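Examination of the molecular architecture
Given next are the chains, with one letter for each unit.
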Amino acid sequence: MDKALEEIKPTPIANTIRGITSDLLHITMNGPLLDPYVCQAVVAEEQRLAALPPADDEQSKKLAEVLVGSYPKREVNDPAIYARAITSIFQEFPVEIAKEAINRITRTLKFLPTRADVFETCSNVAAQAKIAASVGRVHLTEHARRQAIETQEAERKAEKEKNESEDLAEGQ
């Protein structure tokens, strides 16, 4: 089996991504920004996740086993159909997205999830990574804009001081 599936736990950046919402897309003129290193990490993580292939048959079956095994014995009408239904959803997403979805599902749903629950959670995890990356990009752009303004102001101040000292020197 895939060693990456042995433990279902969030990726290191998952908690950061979870905390970054579309609310942070709105930036005030002098409002606080996310740390540039956090922004870069979130953007890089979203790009890495986007480049990952969807789970293959074996991985998606293992993911479904982990999900179903996380709940007490429940009767489903047809276990084989249920397993195929859940597996087919996991095949649409990278393993890490599916792992994070399993982590969220098993923390929030008291009963065995439906296929729709699994799809919705996987979609939400993927969307959150994209939103976080968008926020990161906006904040990085704003960091650059603010840095450019600071640099221009410093250059103007230096030029003004130089002109003042030259004027003083000429006046003597």
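Residues numbered from 1 in each chain as written. Predicted model: local features only at pLDDT ≥ 70, side-chain atom pairs only at ≥ 80, totals over all residues. Heavy atoms only, no water.

This brings us to the environment of Arg74. Note on placement: Arg74 falls in the loop between helix 3 (57-69) and helix 4 (79-90). Among the residues examined, Arg74 registers a relative accessible area of 36% and is labelled partly exposed. Sequence separation between Arg74 and Phe111 is 37 residues, and the spatial gap between their C-alpha atoms is 8.3 Å. Once residues within four sequence positions are removed from consideration, Arg74 is found in contact with Lys110, Phe111 and Leu112. (Helix = DSSP H or I, 4+ residues; strand = E, 2+ residues; numbered from the N terminus. Buried < 20%, exposed > 50% of the residue type's maximum accessible area, 1.4 Å probe, protein only. Contact = heavy atoms within 4.5 Å.)

Our next topic: a negative patch on the surface. A contiguous patch of negative charge, built from Glu159, Glu161, Glu164, Glu166, Asp167 and Glu170, is present on the exposed surface. On the basis of relative accessible area, Glu170 is assigned to the exposed category, the value being 66%. (Patch = residues over 30% accessible without salt bridge, like charges linked within 9 Å, V, L, I, M, F, W, Y side chains within 5 Å. Areas by Shrake-Rupley, 256 points an atom, 1.4 Å probe, with all protein chains shown as cover. Salt bridge = Lys/Arg side-chain N within 4 Å of Asp/Glu carboxyl O. Lys, Arg positive; Asp, Glu negative; His and termini not counted. Charge placed at Lys NZ, Arg CZ, Asp CG, Glu CD.)

What follows deals with the confidence of the model for the chain. Per-residue confidence for the chain gives a mean pLDDT of 85, with 83% of residues at or over 70. Averaged pLDDT values for the elements of the chain fall to 67 in helix 1 (residues 14-19) and rise to 94 in helix 4. (pLDDT = per-residue confidence, 0-100.)

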